[in-house]
Amino acid sequence: MVDILPRVGAVASVDDVYKTLSTVDGLAAWWTEDTTGDTAVGGVLKFRFPEGGFDMLVLESEPGKVVRWEVVGGPEEWIGTTVRFDLHQEDEFAIIMFAHEGWREQVPFMAHCSTKWATFLMSLKQLVETGAGDPAPNDVRVSNWH
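Described below are features of the structure shown in this document. (Residues numbered from 1 in each chain as written. Predicted model: local features only at pLDDT ≥ 70, side-chain atom pairs only at ≥ 80, totals over all residues. Heavy atoms only, no water.)

1. Details of the environment of Phe98
Right, on to step 1. Mapped onto the secondary structure, Phe98 falls in strand β8 (residues 93-103).
Right, on to step 2. With 15 residues separating them in the primary sequence, Phe98 and Val83 have C-alpha atoms 7.6 Å apart.
Right, on to step 3. Contact partners of Phe98, with chain neighbours within four places excluded, come to Ile4, Leu5, Pro6, Val83, Arg84, Phe85, Trp117 and Leu121. (Helix = DSSP H or I, 4+ residues; strand = E, 2+ residues; numbered from the N terminus. Contact = heavy atoms within 4.5 Å.)

Structure, rendered in structure tokens:
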């Protein structure tokens with residue numbers, strides 16, 4: 001198994017970051033505008049992009065600490081993987097320890113997703129620091145997979 005593991009710091013509180021990870025409006029403001037679903041533990045979130053989408057089962061959501069999902073719908077490579085945001089405060093920085101865990105193998109699509117996660121995490125950082133992110137469909141295109 002292989003994982004995608006970026007770390008991002010944003011000049012914000014972990015509470016502000018948690019709000020962007022635990023509400024449909026917050027998620028739509030940095031990842032994809034086409035976000036629907038239930039953010040409560042046991043709920044399913046649906047994230048849609050021009051080229052496809054993902055369904056995530058909410059496994060864990062603890063204010064100011066962690067949000068964790070299991071991918072239950074989407075590309076074959078994503079099914080059964082987990083997406084995790086661990087949060088902690090370091091001075092004025094909210095630190096986001098991100099993990100997309102459980103990839104069966106390192107494939108070109110994983111490399112693409114690693115880059116895309118980095119761009120979306122920068123969108124999250126931008127959102128909590130300035131009030132405006134760059135969610136899909138206005139995100140940075142990194143390759144032919146978008």
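Structure shown, so let's carry the discussion forward.
2. Section: the nonpolar core
Right, on to step 1. Membership of the largest hydrophobic core comes to 39 residues, with the highest contact counts inside it found for Trp30, Trp31, Met56, Trp69, Trp78 and Phe85.
Right, on to step 2. Those elements that place two or more of their residues in this core are β2 (7-11), α1 (14-21), β4 (44-49), β5 (52-62), β6 (66-73), β7 (82-90), β8 and α3 (108-130).
Right, on to step 3. Residue contributions to this core peak at 9 residues, all from α3.
Right, on to step 4. Those residues in contact with Met56, other than ones at most four positions away along the chain, are Trp31, Gly43, Val44, Leu45, Phe47, Trp69, Glu70, Val71, Val72, Trp78 and Val83. (Core = buried A, V, L, I, M, F, W, Y, C linked by side-chain atoms within 4.5 Å. Buried < 20%, exposed > 50% of the residue type's maximum accessible area, 1.4 Å probe, protein only.)

3. Quick look at the pattern of salt bridges
Right, on to step 1. Inspection of every chain in the model, using the stated rule, returns 8 salt bridges.
Right, on to step 2. Across the pair Glu90 and Arg7 runs a salt bridge whose closest N-O atoms are separated by 3.3 Å. In this pair, Glu90 sits in strand β7 while Arg7 sits in strand β2, placing the two residues 83 residues apart along the sequence.
Right, on to step 3. The salt bridge involving Glu129 is made with Lys125; its shortest N-O contact spans 3.0 Å. Of this pair, Glu129 and Lys125 both sit in helix α3, 4 residues apart, which is roughly one turn of that helix.
Right, on to step 4. One continuous salt-bridge network, built from bridges that share partners, spans Glu60, Arg68, Arg84 and Asp86. (Salt bridge = Lys/Arg side-chain N within 4 Å of Asp/Glu carboxyl O.)

4. Concerning the packing of α1 against α3
Right, on to step 1. Relative to each other, α1 and α3 sit at 125°, their axes nearing to 10 Å. One way to sum up the angle between α1 and α3 is to call them oblique. Where α1 crosses over α3, the handedness of that crossing is right-handed. Taking contact as the criterion, the partners of Asp16, Val17, Thr20 and Leu21 in α1 are, on α3, Leu124, Leu127 and Val128.
Right, on to step 2. Of the residues in the contact of α1 with α3, the class split is 5 nonpolar, 1 polar and 1 charged. (Axes fitted to C-alpha atoms, helices over the stretch in contact; angles between N-to-C directions. Parallel < 35°, antiparallel > 145°, perpendicular 65-115°, else oblique. Left-handed = near helix turned anticlockwise from the far one by under 90°. Nonpolar A, V, L, I, M, F, W, Y, C, P; charged D, E, K, R; others polar.)

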